[in-house]
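Architecture at a glance
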Amino acid sequence: MRAERDRAARKPPRKAKDKGQELREEISKAAALHVFTRLGVTDPADIDLDAIAAELNAEIRFEDLEGATARVIQIGDRARIIISTRVVDVGAIRFSIAHEIGHILCKHYVGHTGPTDAVERLCSPLHSGGTTTEREADVFAAELLMPRPLVTSWCAVAPLTFDPVRAISSAFGTSVLASAMRFVELTPERCAVVYTKQGRVQWAKKSPSFTGWIPKRSVAPGSAAFDYFERGSIGESSRIVPGTTWLSSKAERVDAPIYEHATAVPGLGAVFSLLWMPES
Ligand SMILES: [Zn+2]
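Residues numbered from 1 in each chain as written. Predicted model: local features only at pLDDT ≥ 70, side-chain atom pairs only at ≥ 80, totals over all residues. Heavy atoms only, no water.

**A few points about the coordination of the zinc ion**
- Every protein donor of the zinc ion is accounted for by His99 (NE2), His103 (NE2), Cys123 (SG), Glu134 (OE) and Glu134 (OE), and the metal-donor separations fall at 2.0 to 2.4 Å.
- When the donor residues of the zinc ion are listed from N- to C-terminus, their spacing reads H-x3-H-x19-C-x10-E. Taken together, the residues span a long stretch of sequence, with His103 in helix 4 (residues 90-105) and Cys123 in strand 4 (residues 118-123) at a distance of 20 residues. Note on accessibility: His103 and Cys123 belong to one class, buried. (Donors = N, O, S within 2.8 Å, 3.2 Å for Na, K, Ca; no water. Helix = DSSP H or I, 4+ residues; strand = E, 2+ residues; numbered from the N terminus. Buried < 20%, exposed > 50% of the residue type's maximum accessible area, 1.4 Å probe, protein only.)

So, in structure tokens, the structure goes:
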């Protein structure tokens, strides 16, 4: 009995920590929705990042940055947002600016500083290896650029292809990857985004109704991702593959067909696939 208590005491408070992180991400979403309400946004075109930055006394610049996509420097109530000139996709630029606005609004200061001390943060938005604070800024950016009240209806469709994701990307001025991640977050459909690099699954983001386990392993023959790493081409259309191509053999309904539509990430040697598992 005592040994059990001791083991329990040594066990890290994982659940409590997860709940704390969940709460901080909810606060990030609430901050973004507050901006949405305050600006009276009724159309994606109303989300004016320059105007939001100006109101926060933040200047936006484009410079050559080493080892990061974006940087934010805060001195007292002033800030400077710097975006790497290597980022050329408009959607990625907007996401990076929104991410840095998130750091400013959510007061992600590094330690305690005086009113004239400069605080600097280097960022790589949407990079899966980021810290919890980076994740919170990403959550803020997704909510600011694709506000739940506006984007939810765009996610209520079956993603046989990237078309619904590309429609969001085009309307909200976001990258296809960020739009796909937002889509799977809000859709009732069973789908997932899987990011693969050098022939291996790096990470997967699943919709709430997608319960299958997608292991981090080499991509299987037959998948569009495999074709890219093997032959350098993906093909334009989506394809239907057996569930075993992507799911663990222990998953439920592992033989059920999965629609896969994949696209390459230019310059990174990576592919992300949108998977959709129909109801029947
Ligand atoms: Zn950041």
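Picking up after the structure, the text goes on.
**Looking at the sheet that holds strand 7 (residues 239-242)**
- With antiparallel pairing, the 5 strands of this open sheet are ordered in space as 6-5-9-8-7. The open sheet has two free edges, formed respectively by strand 6 (200-206) and strand 7, since each of these has just one partner strand. Across the sheet, the mean angle from the axis of one strand to that of its neighbour is 30°, orientation sign disregarded.
- Bridge count for strand 8 (residues 257-265) against strand 9 (residues 270-276) is 7 bridges, and the pairing is antiparallel. Bridge pairing in strand 9 places Ala264 opposite Val271.
- Each of strand 5 (191-197), strand 6 and strand 9 is contacted by helix 8 (residues 176-186), which is oriented at about 145° to strand 5, the strand it contacts most. (Pairing = 2+ DSSP bridges. Axes fitted to C-alpha atoms, helices over the stretch in contact; angles between N-to-C directions. Contact = heavy atoms within 4.5 Å.)

**Section: the sheet that holds strand 1 (residues 58-63)**
- Spatially, the 4 strands line up as an open sheet ordered 1-3-2-4, and their pairing is mixed. Lying at the two open borders of the sheet, with one neighbouring strand each, are strand 1 and strand 4. Taking the axes of each pair of neighbouring strands and ignoring which way they run, one obtains an average angle of 15° across the sheet.

**Description of the pattern of salt bridges**
- Going through the model one piece at a time under the given rule, you end up with 16 salt bridges.
- With a closest N to O distance of 3.3 Å, Arg135 and Glu25 form a salt bridge. Of this pair, Arg135 sits in helix 5 (residues 132-145) while Glu25 is found in helix 2 (residues 14-39), placing the two residues 110 residues apart along the sequence.
- Accessibility expressed as a relative area gives 37% for Arg135, which makes it partly exposed.
- In this structure, Glu120 and Arg71 form a salt bridge, with 2.9 Å as the shortest nitrogen-oxygen distance. Taken as a pair, Glu120 in strand 4 and Arg71 in strand 2 (residues 70-75) lie far apart in primary sequence, 49 residues in all.
- Beyond isolated ion pairs, a larger network of salt bridges with shared partners links Glu59, Arg61, Glu63 and Arg80. (Salt bridge = Lys/Arg side-chain N within 4 Å of Asp/Glu carboxyl O.)

**Details of the packing of helix 7 (residues 163-172) against helix 8**
- Remark: helix 7 packs on helix 8, axes separated minimally by 8 Å, with the N-to-C direction vectors making an angle of 115°. For the pair helix 7 and helix 8, the crossing hand works out as right-handed. Contacts between helix 7 and helix 8 pair Pro164, Val165, Ile168 and Ser169 from the former with Val176, Ser179, Ala180 and Phe183 from the latter.
- Classifying every residue of the contact of helix 7 with helix 8 gives 6 nonpolar, 2 polar and no charged. (Left-handed = near helix turned anticlockwise from the far one by under 90°. Nonpolar A, V, L, I, M, F, W, Y, C, P; charged D, E, K, R; others polar.)

**Let's talk about the environment of Leu274**
- You can see Leu274 is positioned in strand 9.
- A sequence separation of 93 residues divides Leu274 from Met181, and the C-alpha atoms of the two residues are 9.5 Å apart.
- Among all residues touching Leu274, those that are not within four sequence positions of it are Pro159, Thr161, Phe162, Val165, Val184, Ala192, Val193, Tyr259, Glu260 and His261.

**A look at the domain arrangement of the protein chain**
- Here the protein chain is described as being made up of domain 1 (10-145) and domain 2 (150-276).
- In this assembly, domain 1 packs against domain 2 so that about 1100 Å² is buried in total across both faces, 63% of it on carbon and sulfur atoms.
- Considering only the side of domain 1, the residues that lose the most area to domain 2 are Pro44, Leu126 and Leu145, jointly responsible for 38% of the buried surface there.
- One salt bridge in this structure joins Arg182 and Glu143, with 3.0 Å as the shortest N-O distance.
- If you look at where domain 1 meets domain 2, you find 3 residue pairs in polar contact (both at pLDDT 80 or more).
- At the level of elements, helix 2, helix 4 and helix 5 are the ones that each hand at least two residues to the side of domain 1 that touches domain 2.
- Broken down by class, the residue content of the side of domain 1 that touches domain 2 amounts to 8 nonpolar, 3 polar and 6 charged. (Domains from an automatic or database assignment. Buried area = accessible area lost by both parts, 1.4 Å probe. Polar contact = N/O pair within 3.5 Å; in protein donor to acceptor, adjacent residues only side chain to side chain.)

**Considerations on the nonpolar core**
- In this structure, Leu49, Ile101, Leu144, Val193 and Phe272 are the most contacted members of the largest nonpolar core, which totals 50 residues.
- A domain-level breakdown of this core finds at least three residues from each of domain 1 (10-145) and domain 2 (150-276).
- Other than its neighbours up to four places away in sequence, Val193 contacts Leu177, Ala180, Met181, Val184, Trp203, Ala204, Lys205, Phe272, Ser273 and Leu274.
- Judged by nonpolar contacts, the second largest core, of 19 residues, contains Ala225, Ala251, Val271 and Met277. (Core = buried A, V, L, I, M, F, W, Y, C linked by side-chain atoms within 4.5 Å.)

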